[in-house]
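Chain residues, written in single-letter form:
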Amino acid sequence: MNRKRKIVKGSGGRAKPKTVETSVSLVAGAEAVVNVETSVEVFLQEADALVEVQCKDKEGLMLDILLSLANLRIDVMLIQSTAEDGIFVAELKLKVEDNVGGERISSVDLKNLITRIINEPSISH
């Protein structure tokens, strides 16, 4: 049996709600398999960054993201996240410090970092 549904995620009135499309495959006696498209959006202005993430949930994902950000001298100011029905959705507000060479990470590099963390096995365990 194949079932499709839409989940509308709000963000407290600050941004427009996101619609997450998923498909769930059910086989008698088996756990539901969730297929969700991975999405990472990064908005960077000066030292402030907003990161929006949507992907399949995995154990330790938020911890892996936080450890990687800390290693790059990126401070997490606010996290709003949910993990429901195998779907991980998060919004992170960050302060991006200059690295040792006096440069800041670019929005493209930050997006690539988080995408790589999502696609790799968990590093925190």
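Values in this document were obtained by computation on a predicted structure and should not be read as measured data. (Residues numbered from 1 in each chain as written. Predicted model: local features only at pLDDT ≥ 70, side-chain atom pairs only at ≥ 80, totals over all residues. Heavy atoms only, no water.)

Draft legend 1. Fine view of the sheet that holds strand β4 (residues 39-45). Ordered in space as β4-β5-β7-β6, the 4 strands form an open sheet in which the pairing is antiparallel. The sheet is open, and its two edges are formed by β4 and β6 (74-84), each paired on a single side. In this sheet, adjacent strand axes meet at a mean angle of 10° when their direction is disregarded. As judged from the 7 bridges shared by β4 and strand β5 (residues 48-56), these two strands associate in the antiparallel manner. (Pairing = 2+ DSSP bridges. Helix = DSSP H or I, 4+ residues; strand = E, 2+ residues; numbered from the N terminus. Axes fitted to C-alpha atoms, helices over the stretch in contact; angles between N-to-C directions.)

Draft legend 2. Main features of the nonpolar core. Counting 22 residues, the largest nonpolar core has V51, V53, L69, L92, L94, L110 and I114 as the members making the most contacts within it. Excluding anything up to four places from it in sequence, L110 contacts V42, A49, V51, L69, I74, L94 and I105. (Core = buried A, V, L, I, M, F, W, Y, C linked by side-chain atoms within 4.5 Å. Buried < 20%, exposed > 50% of the residue type's maximum accessible area, 1.4 Å probe, protein only. Contact = heavy atoms within 4.5 Å.)

Draft legend 3. Here's a closer look at the packing of helix α1 (residues 61-71) against helix α2 (residues 107-119). Viewed as axis vectors pointing N to C, α1 and α2 meet at an angle of 145°, and their least axial separation amounts to 10 Å. The handedness of the crossing between α1 and α2 comes out as right-handed. The residues of α2 that touch α1, namely those facing L61, D64, I65, S68 and L69, are L110, L113, I114, I117 and I118. Residue composition of the contact of α1 with α2, by class: 8 nonpolar, 1 polar and 1 charged. (Left-handed = near helix turned anticlockwise from the far one by under 90°. Nonpolar A, V, L, I, M, F, W, Y, C, P; charged D, E, K, R; others polar.)

Draft legend 4. Spotlight on the confidence of the model for the protein. On average, residues of the protein score 78 in pLDDT, and 70% of them reach the 70 mark or higher. Per-element confidence in the protein ranges from a low mean pLDDT of 44 for strand β1 (residues 2-9) to a high of 96 for β5. Overall, residues 1-17 carries pLDDT values under 50, and its contacts beyond four positions in sequence, including any with other chains, amount to 37 contacts. Long-range and interchain partners of residues 22-27, a stretch whose pLDDT sits below 50, account for 25 contacts in this model, where long-range means more than four residues apart. (pLDDT = per-residue confidence, 0-100.)

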